[in-house]
Amino acid sequence: MGFSPEQNAMPPEALLEWYVEMGADEAIGDAETNWFAASEAALAPVSRAENAPASAPPAAQAPSAAQVQRPVSAAPAQARPRALASGAEPATDKAASALAGAAQSLEELRGALESLEGFPLKVTATNLVFGEGVETPDVMFIGEAPGADEDRQGRPFVGASGRLLDRMMASIGLDRAENAYITNILPWRPPGNREPTAAEIAICQPFIRRHIALVRPRIIVPVGGTAAKALLDQRQGIMRLRGRRFEFADPDIELALPAVPLFHPAFLLRSAGQKALAWRDLLTIKQIIQ
Ligand code: URA
């Protein structure tokens, strides 16, 4: 990796820390690559890396009635009206905590999200993507944020990466219609699949924590680096976090839950060589459930 003049002036420990924060926590080659000399094309804005497979995602899968038994939060049939009142004050962590904390059921939590004001993603998204699966599941999978397919359908993980996630789950006997639950840190799609900002994640934290408390899974599986860092308060990237057993602790949950981060399926679609590691991590999850 090449250094900018500012980085050249940084003490080595600060530079290393900066790399880890940026997710560059693993050496992938012996020879240095000067990324600053990369072509203009490489510098063009890109969509959220983790969730945007290199190949164009196929058309979204149509939901079937059998697909989700006891859907805890059935998706809206069509787009909901855009909820953000113009001129609303920006949402605050405090307001989000109060709304989320008052929810005593998943339906109330959905209502709390719908009533959150001053959160711009609500304006740009088509649908709230709340979550789906069974009550008290073995495993609760938590991704980053909905993509285009999810935004259209109001359901989590229904595009290309969702189909891979379904297959990964099936390989260890999990199914969103039988014994699993799926949601995201952010329930609204960031425009153009960009990465969620730290401020957006902070506003959504009380909601996902309440969501976990209400769903009460036996284990949580953060899917991808953004979810793992947000839920486990870690700074390392997914390469370092995946497959390790953490404890997810929250005052709302009397028993702390085991948590095992997993590679994001969108990443696996681009990097099939990492599937062996993902398989190993799935077996760790299976072992914990058993
Ligand atoms: N990626 C995610 O993180 N979540 C989804 O629901 C879909 C794609």
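Every value quoted in this text rests on a predicted model; they were computed, and no experiment measured them. (Residues numbered from 1 in each chain as written. Predicted model: local features only at pLDDT ≥ 70, side-chain atom pairs only at ≥ 80, totals over all residues. Heavy atoms only, no water.)

A. Structural view of the pattern of salt bridges. Inspection of every chain in the model, using the stated rule, returns nine salt bridges. The partner of Glu 132 in a salt bridge is Arg 155, with the nearest N and O atoms 2.8 Å apart. Of this pair, Glu 132 sits in strand β1 (residues 132-133) while Arg 155 is found in the loop between α7 (148-153) and α8 (160-170), placing the two residues 23 residues apart along the sequence. Of the two residues, Glu 132 and Arg 155, both sit in the buried class. Ionic contacts of the salt-bridge type, sharing partners, join the residues Glu 132, Arg 155, Asp 166 and Arg 176 into one network. (Salt bridge = Lys/Arg side-chain N within 4 Å of Asp/Glu carboxyl O. Helix = DSSP H or I, 4+ residues; strand = E, 2+ residues; numbered from the N terminus. Buried < 20%, exposed > 50% of the residue type's maximum accessible area, 1.4 Å probe, protein only.)

B. Molecular detail of the site of the ligand. Surrounding the ligand, one finds eleven residues, the nearest of these being Glu 144, Ala 145, Phe 157, Asn 184 and His 264. In the model, an oxygen atom of the ligand is placed 2.9 Å from a nitrogen or oxygen of the Phe 157 main chain. A distance of 2.8 Å separates a nitrogen atom of the ligand from a polar side-chain atom of Asn 184. The protein chains hide 99% of the 240 Å² of surface that the ligand would expose on its own. (Near = heavy atom within 4 Å. Polar contact = N/O pair within 3.5 Å; in protein donor to acceptor, adjacent residues only side chain to side chain. Areas by Shrake-Rupley, 256 points an atom, 1.4 Å probe, with all protein chains shown as cover.)

C. Here's a closer look at the packing of aromatic side chains. Enumeration over the complete set of coordinates arrives at two aromatic pairs. Between Phe 119 and Trp 188 the ring centres are 5.5 Å apart and the planes differ by 50°, which places this aromatic pair in the tilted class. Pair noted here: Phe 119 is in the loop between α5 (106-115) and α6 (121-124) and Trp 188 is in the loop between β3 (180-184) and α9 (198-215), with a separation of 69 residues, a long-range link. For Phe 119, a relative accessible area of 4% gives the class buried. With relative accessibility at 4%, the residue Trp 188 sits in the buried group. On the basis of an interplanar angle of 50° and a centroid distance of 4.9 Å, the ring pair of Phe 263 and Phe 267 is categorised as tilted. Overall, Phe 267 belongs to the buried group, its relative accessible area being 17%. (Phe/Tyr/Trp six-rings, centres within 6.5 Å; stacked < 30°, edge-to-face > 60°.)

Purely spatial values, then, with no claim about function.
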